[in-house]
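One letter stands for each residue in the lines below.
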Amino acid sequence: LRLALFNVRGEFLRFFVGFITLSGISVLNGMVLVSAIRNGRKSGMPASRAIPFACDESLRTILMTALVASVGFIPMAVSNGAGAEVQRPLATVVIGGVMTSTIFTLIGLPVIYSLFSRSRDPGQSVLEEAVQAQPVLREPSPAQELAEVG
């Protein structure tokens, strides 16, 4: 029983390290795409033109990053030598996750960005738009009340 518990914790640790690696690659690809979209918006393009332009401009960078990460982990995924039981789960998580996150980056991220950027000014974030749309309700200070009366 003790050996089985150690094995489960060891597997979990290897998967966790794989997820850390995967999250770094996914965030990098998302940042590349969002920064290209924002650059297009800052140059005056509406979101409906900036998003496809940025996807086209960033496609090679995102695919190459994903391809290099996936190909780099293939030897770990197919190895049979000493230590292969440690490397195989990590490589499997990274290869599968990179492919999934690349598809999400190229398809899902532009859709989500377009939903959140309907009629915003170039470069304006969702938070900035929300702050500008909602008036701040404050109670007038005693000095303001006196100024209004007088």
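Rules and cut-offs
Residues numbered from 1 in each chain as written. Predicted model: local features only at pLDDT ≥ 70, side-chain atom pairs only at ≥ 80, totals over all residues. Heavy atoms only, no water. Helix = DSSP H or I, 4+ residues; strand = E, 2+ residues; numbered from the N terminus. Buried < 20%, exposed > 50% of the residue type's maximum accessible area, 1.4 Å probe, protein only. Areas by Shrake-Rupley, 256 points an atom, 1.4 Å probe, with all protein chains shown as cover. Patch = residues over 30% accessible without salt bridge, like charges linked within 9 Å, V, L, I, M, F, W, Y side chains within 5 Å. Salt bridge = Lys/Arg side-chain N within 4 Å of Asp/Glu carboxyl O. Axes fitted to C-alpha atoms, helices over the stretch in contact; angles between N-to-C directions. Parallel < 35°, antiparallel > 145°, perpendicular 65-115°, else oblique. Nonpolar A, V, L, I, M, F, W, Y, C, P; charged D, E, K, R; others polar. Contact = heavy atoms within 4.5 Å. pLDDT = per-residue confidence, 0-100. Expected span 1.5 Å × (residues − 1). Bend = angle between axes of the 7 residues up to and from the residue.

Peer 1: Which residues make up the overall build of the chain, and what values do they have?
Peer 2: What the chain contains, in helices and strands, is five helices and zero strands. Beginning at the N terminus, the succession of helices and strands in the chain can be written as α-α-α-α-α. For the chain, with 150 residues in total, the buried portion stands at 29%. Looking at the chain as shown, the accessible area adds up to about 10500 Å², and 68% of this sits on carbon and sulfur atoms.

Peer 1: Before we move on, can you summarise a nonpolar patch on the surface with the specific residues and values?
Peer 2: A contiguous nonpolar patch, built from Met64, Leu67, Val68, Val71, Ile74 and Val78 and spanning about 560 Å² of accessible area, is present on the exposed surface. Relative to the elements of secondary structure, Val68 occurs in helix H2 (residues 47–78). Residue classification places Val68 among the exposed positions, given a relative accessible area of 56%.

Peer 1: Break down the packing of H2 against helix H3 (residues 84–116) for me, with residues and values.
Peer 2: With their axes 8 Å apart at the nearest point, H2 and H3 run at an angle of 175° to one another. For the element pair H2 / H3, the angle class is roughly antiparallel. A breakdown of the residues in the contact of H2 with H3 according to their chemical character gives 20 nonpolar, five polar and one charged.

Peer 1: Break down the environment of Ser58 for me, with residues and values.
Peer 2: Ser58 gets classed as buried once you look at its relative accessible area, which sits at 4%. Residues Ser58 and Ala36, 22 residues apart in the sequence, show an inter-C-alpha distance of 7.1 Å. Sequence-distant contacts of Ser58, that is, excluding residues within four places in its chain, are made with Val32, Leu33 and Ala36.

Peer 1: Could you give an account of the confidence of the model for the chain, with specific residues and numbers?
Peer 2: Chain-level pLDDT for the chain is 78 on average; 70% of the residues reach the 70-or-more range. Element-level mean pLDDT values for the chain span from 51 in helix H4 (residues 126–133) up to 90 in H2. Predicted confidence for residues 1–6 stays below pLDDT 50, and this span has zero contacts to residues more than four positions away or in other chains.

Peer 1: Can you tell me about the environment of Thr21, naming the residues and giving the values?
Peer 2: Residue placement: Thr21 occurs in helix H1 (residues 2–42). In the structure, Thr21 is positioned 73 residues away from Val94 in sequence and 7.0 Å away in space, judged by C-alpha atoms. What Thr21 contacts, discounting residues up to four positions off in sequence, is Phe73 and Val94.

Peer 1: Break down the environment of Ile51 for me, with residues and values.
Peer 2: Mapped onto the secondary structure, Ile51 falls in helix H2. If near-sequence neighbours (up to four positions away) are discounted, Ile51 is found in contact with Ile37, Pro110, Tyr113 and Ser114.

Peer 1: Help me get a handle on H3, residues and values and all.
Peer 2: For H3, spanning 33 residues, the distance from its first C-alpha to its last is 44 Å, which sits close to the expected 48 Å at 1.5 Å a residue. Approximately 40° is the largest bend angle found in H3, and it occurs at Thr105.

Peer 1: Mind laying out the side chain of Ser101, listing which residues take part and the relevant values?
Peer 2: Here Ser101 shows up in helix H3. According to the relative accessible area criterion, Ser101 is buried, its value standing at 12%.

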